[in-house]
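Tertiary structure, described
Each chain, letter by letter, is given below.
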Amino acid sequence: MNGVHPRSRTGEIDWSALEHAYGDASDVPGWIEGLEDSATVEQSLHELWGAVLHQGTLYDSTAPAMTWIAAALGARRTADAESTAWLLLMFADTVSDYERIDNDAETAALVRSARAELTGIAALVRPLIYDDGPEAAAAALLQSAALPADSGKPAVDSTVIDTLVVRAASRPAGQVGQACVAALTTLGADATSALADRDPGLVMAGTLARVASRREEPSDLDALIAGWELAVEVAPNIAFGVDNLPEWLSAVNPDAAAHILAKLPVPDESTIGGLVDVMLGSRGNAPAAVRRLLAIAALPESGPETMIAALRQCPPTPEVRDALVTLAEQVTSAGISTFGSSSFDTDARVDAGFALLRAGDGRWSRPLAQALLTNPAARGLMVATSASARSALGYALVRAQAPAATLLTAAILQALRQTPPADPSRDGAGQLIALLGSWPGAATADAISAVRALLASAPKQAADALAGWNDTASIGHVREAARGGDATVLLALARLTKNPNDFHRVLDADLRYTESEVLAHWDDRSDPRFLDWCRGLVGAEPATSIPERGNQLAALRVLAEGDAREAALGWSILRGIIDAGTEPIEDAVRLALDWRAGQLLPPEAVADSSALLADLVITDRKNYNGPLIKAGVTATMALLDLGLPLPGTPARIAKIVARAVTDRWARDLGLRLTERLTSAPAAVRGAVVKKLRPLVERDERFDSTDDIAVEDERALTRLVPILHALESA
């Protein structure tokens, strides 16, 4: 196949019957042909990466496309051999990533097919090993990447071994020799002849490959510590995409990484980052990694900002919390972080305080107040809510339900008195006002006049806060601000005056994105005009967006509370939202249960709702991301609430539970359901325990929405006692 021109045979595949990230794959052959022309190769590679291997995703078009790409590369017909070869390595890496997770049957078949294609891809590019460029090294690495990571020491085609041995022994320039030795080592083959002269780079390539395949000897770890600088140079030559050795080590072998990184004599930021990665990825190695991080944090030369960024992600033990408090006291200046073309204001004290808040440590408010009092950009500070995400400080504290604190209130007021930044997008004053507004009026009495004065610059947040405090003395000021016609300000005025005419003026405003506020705060819920507006929100079909569906549900609840007949009229809309399985599925099912409990639904709708819930349990609802996990677990809990038998097999219930517990967005629901199942039949309990026990005992942590280790520890704290209860029931 190597000598076959790709455009002569890609037509044998019905690409229009296959899919990639943006639809049918009929455009793939053109992109593959574009690899041959220097004028189109860059765009073609971009399209293939973005569509066929979109964000590390496999589609039914991915494996066949990669095979034809390999054919073009192996025939030396690509205009950018290096980038094309790295695309193939990225594909191999993606297949390995998929093999590490529990896939549904359809995805598992796709992964098996992709793995099978990798063997042919390795053969197609094998001739390149005799070249001298980076593509030769990539071709060598593909020989070992074609085998599953858990294949042990498999029987390998002797042609592969011979090719690698001969090429390594010829001492090619650059990274090719190191890649050949690494591939041989990964395959479990004898690389002695290639290492006859003990070339340091080749020896290190073999050492790193043994560590990566978890077949290292103690001497390998010592060699990596002693030859760390050389290892940093060699690692990018023997593994796909390695630009940070500690990070790579923590991913491929957390046991070895914990040992090595703890013993490096001069810890730099990459080492600290590697220790954090070990802590995030490995439950077993986390204690050692945290101890080392705490030791580094105690060194006089350690930067407090760097160490706060590391420790705030750790499980909040007393030692970690004490270190965060100490480090925060050492921070005296602000910072600026850049993400892409955007930059934002930071302060490590804010990150430390936020971590303490989420840990329930009463010392949380002091570092936050210090930052707000001394930082010249206090009213625009962003806070780290996870290792990869930042949020406006006030918004993050509202989400975390930060309690009122006198010192913090004073600090926020000082920040609000700062001159606004020249760039309005960097001004977080509105979010800070919203934070004040989330606290009781009695705790923020000193803030009322300051917030009132900000009605001109932040009318929405200021008016909402004043309404929340029921500060009737501000009615005149809010009425003046309401002249601008903003719906949020008009609603705040109506909440303060309780005047029906003021409420009606709200309905005359542009209510886009404020419907939920109107539904939550409308005073007279029997008002005919309000009820007509609610009927308009409900409409005739389930909405397409999550906020709109949420508004439909809230409006349906309002209508049925005023007239029981509205429940029967609205059942088709509610049923459609539940049947789709999309958010807000919990609110939708809860409303259905409330209507059933209140006997608002006719008998046929009651029977229909029971059948619908059962169907959600036994049949997956899906979207483009796969199964909608919350749908099944919410329906299962609803059936338990109704005292109805669970449909399907015990294995099906266990699968629903395991999916929810391992999903970052559905975990709380999954844990609540697991707790409910302690009174389920023995067969169900046994199936659930069989599914969940390995998740508790494994070394890998649960995925999370915020900080991985923190959420994992909390999940285990809840899950372990539940499992004991299931086993002993």
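None of the values given here were measured: they were computed from a predicted structure. (Residues numbered from 1 in each chain as written. Predicted model: local features only at pLDDT ≥ 70, side-chain atom pairs only at ≥ 80, totals over all residues. Heavy atoms only, no water.)

**A closer look at the overall build of the protein chain**
The number of helices and strands found in the protein chain is 38 helices and 8 strands. By principal-axis analysis of the C-alpha atoms, the protein chain measures approximately 90 × 65 × 65 Å. When the 729 residues of the protein chain are sorted by exposure, 50% land in the buried category. Contacts in the protein chain between residues far apart in sequence, at least 24 positions, make up 63% of those at least 6 positions apart. Accessible surface computed for the protein chain: about 32300 Å², of which carbon and sulfur atoms make up 52%. Separation of charge centres in the protein chain, based on 65 positive and 94 negative side chains, amounts to 5 Å. (Helix = DSSP H or I, 4+ residues; strand = E, 2+ residues; numbered from the N terminus. Buried < 20%, exposed > 50% of the residue type's maximum accessible area, 1.4 Å probe, protein only. Contact = heavy atoms within 4.5 Å. Areas by Shrake-Rupley, 256 points an atom, 1.4 Å probe, with all protein chains shown as cover. Lys, Arg positive; Asp, Glu negative; His and termini not counted. Charge placed at Lys NZ, Arg CZ, Asp CG, Glu CD.)

**Focus on the packing of helix H24 (residues 459–468) against helix H26 (residues 487–497)**
Where H24 meets H26, the axes come as close as 8 Å, and the angle between the chain directions of the two elements is 15 degrees. In this view, H24 runs roughly parallel relative to H26, as classed from their interaxial angle. Note on packing geometry: the crossing formed by H24 with H26 is left-handed. Contacts between H24 and H26 involve Pro459, Lys460, Ala463, Asp464, Leu466, Ala467 and Gly468 on the former and, on the latter, Thr488, Val489, Ala492, Arg495 and Leu496. Split into classes, the residues belonging to the contact of H24 with H26 amount to 7 nonpolar, 2 polar and 3 charged. (Axes fitted to C-alpha atoms, helices over the stretch in contact; angles between N-to-C directions. Parallel < 35°, antiparallel > 145°, perpendicular 65-115°, else oblique. Left-handed = near helix turned anticlockwise from the far one by under 90°. Nonpolar A, V, L, I, M, F, W, Y, C, P; charged D, E, K, R; others polar.)

**Let's talk about the environment of Thr582**
Structurally, the position occupied by Thr582 is in the loop between helix H31 (565–580) and helix H32 (585–597). Excluding residues within four positions of it along the chain, Thr582 makes contact with Arg549, Ile577 and Leu628.

**Looking at the side chain of Arg312**
Residue position: Arg312 is located in the loop between helix H16 (304–311) and helix H17 (318–330). Judged by its relative accessible area of 5%, Arg312 is buried. Apart from residues lying up to four places away in sequence, Arg312 is in contact with Leu324, Asp351, Ala355, Arg358, Ala384, Thr385, Ser386, Ala387, Asp707 and Val710.

**Things to note about the pattern of salt bridges**
Summed over all chains, the structure comprises 45 salt bridges. Across the pair Arg659 and Asp620 runs a salt bridge whose closest N-O atoms are separated by 2.9 Å. Placement of the pair is Arg659 in helix H35 (residues 650–661) and Asp620 in the loop between helix H33 (603–618) and strand E7 (622–623), with a sequence separation of 39 residues. Residue Arg659 is classed as buried on the basis of its relative accessible area, which comes to 17%. One network of salt bridges, in which partners are shared, links Arg575, Asp579, Asp608, Asp615 and Arg621. (Salt bridge = Lys/Arg side-chain N within 4 Å of Asp/Glu carboxyl O.)

**Section: the packing of aromatic side chains**
Summed over the entire model, instances satisfying the criterion amount to 3 aromatic pairs. Ring centres 4.7 Å apart and planes at 10 degrees place the aromatic pair Trp522 and Phe530 in the stacked group. For the residue pair Trp522 and Phe530, the accessibility class agrees, reading buried in each case. An aromatic cluster of three or more residues is present, and its members are Phe503, Trp522, Phe530 and Trp533. One cation-aromatic arrangement involves Arg283 over Phe702; the distance from NZ or CZ to the ring centre is 5.0 Å. (Phe/Tyr/Trp six-rings, centres within 6.5 Å; stacked < 30°, edge-to-face > 60°. Lys NZ or Arg CZ within 6 Å of the ring centre and 35° of its normal.)

**Points about helix H13 (residues 254–263)**
Those residues of H13 lying buried are Pro254, Ala256, Ala257, Ala258, Ile260 and Leu261. Lining the buried residues of H13 we find helix H9 (200–212), helix H10 (218–226), helix H11 (228–238), helix H12 (245–252), helix H14 (269–281) and helix H15 (286–297).

**Some remarks on the nonpolar core**
Counting 241 residues, the largest nonpolar core has Phe91, Leu208 and Leu574 as the members making the most contacts within it. Top contributing element to this core by residue count: helix H4 (residues 81–99), with 9 residues. Sequence-distant contacts of Leu208, that is, excluding residues within four places in its chain, are made with Leu224, Ala231, Val234, Ala235, Ile238, Leu245 and Trp248. (Core = buried A, V, L, I, M, F, W, Y, C linked by side-chain atoms within 4.5 Å.)

**Focus on helix H38 (residues 708–728)**
An ideal rise of 1.5 Å per residue puts 30 Å on 21 residues; H38 measures up with 30 Å between its terminal C-alpha atoms. Taken as a whole, H38 has its buried residues at Ala709, Val710, Glu711, Asp712, Ala715, Leu716, Leu719, Ile722, Leu723 and Leu726. Turning to H38, the residues buried within the fold contact H14, H35, helix H36 (667–676) and helix H37 (682–697). (Expected span 1.5 Å × (residues − 1).)

**So, the pairing of strand E6 (residues 389–392)**
Here strand E5 (residues 382–386) pairs with E6 via 4 bridges, running antiparallel. By the bridge assignment for E6, Ala384 is matched with Arg390. Here E5 folds back onto E6, and the loop between the two strands holds 2 residues. (Pairing = 2+ DSSP bridges.)

**Observations regarding the packing of helix H34 (residues 629–642) against H36**
Running from N to C, H34 and H36 point in directions that differ by 35 degrees, and their axes come no closer than 10 Å. Crossing of H34 against H36: the hand is left-handed. In this structure, H34 contributes Lys630, Val633, Thr634, Thr636, Met637, Leu640 and Asp641 to the contact, and H36 contributes Leu669, Gly670, Arg672, Leu673 and Arg676. Looking at the contact of H34 with H36 residue by residue, the class counts come to 5 nonpolar, 3 polar and 4 charged.

**A closer look at the environment of Ala658**
With respect to the secondary-structure elements, Ala658 resides in helix H35. With relative accessibility at 10%, the residue Ala658 sits in the buried group. On a C-alpha basis, the gap between Ala658 and Leu324 in space is 35 Å, while along the polypeptide they are 334 residues apart. Every residue in contact with Ala658, bar those within four places of it in the chain, is listed here: Lys691 and Leu692.

**Considering the environment of Phe91**
Inspection of the secondary structure puts Phe91 in helix H4. For Phe91, a relative accessible area of 0% gives the class buried. Residue contacts for Phe91: discarding those within four places in its chain leaves Leu53, Leu58, Thr62, Ala63, Met66, Ala114, Leu118 and Ile121.

**Considerations on the side chain of Arg596**
Assignment of secondary structure puts Arg596 in helix H32. At 9.3 Å, Asp608 is the nearest oppositely charged side chain to Arg596, a buried residue that forms no salt bridge. If sequence neighbours within four positions are ignored, Arg596 has contacts with Leu601, Val606, Ser609, Ser610, Leu642 and Leu644.

**Observations regarding unusual backbone geometry**
Between Glu583 and Pro584 the backbone carries a cis peptide bond, its omega angle lying at 0 degrees. Notably, Arg171 is not glycine yet its phi reads approximately 50 degrees, a positive angle. Along the chain, Arg171 falls in the loop between helix H7 (158–169) and helix H8 (176–186). Unlike most non-glycine residues, Gln599 shows phi in positive territory, near 55 degrees.

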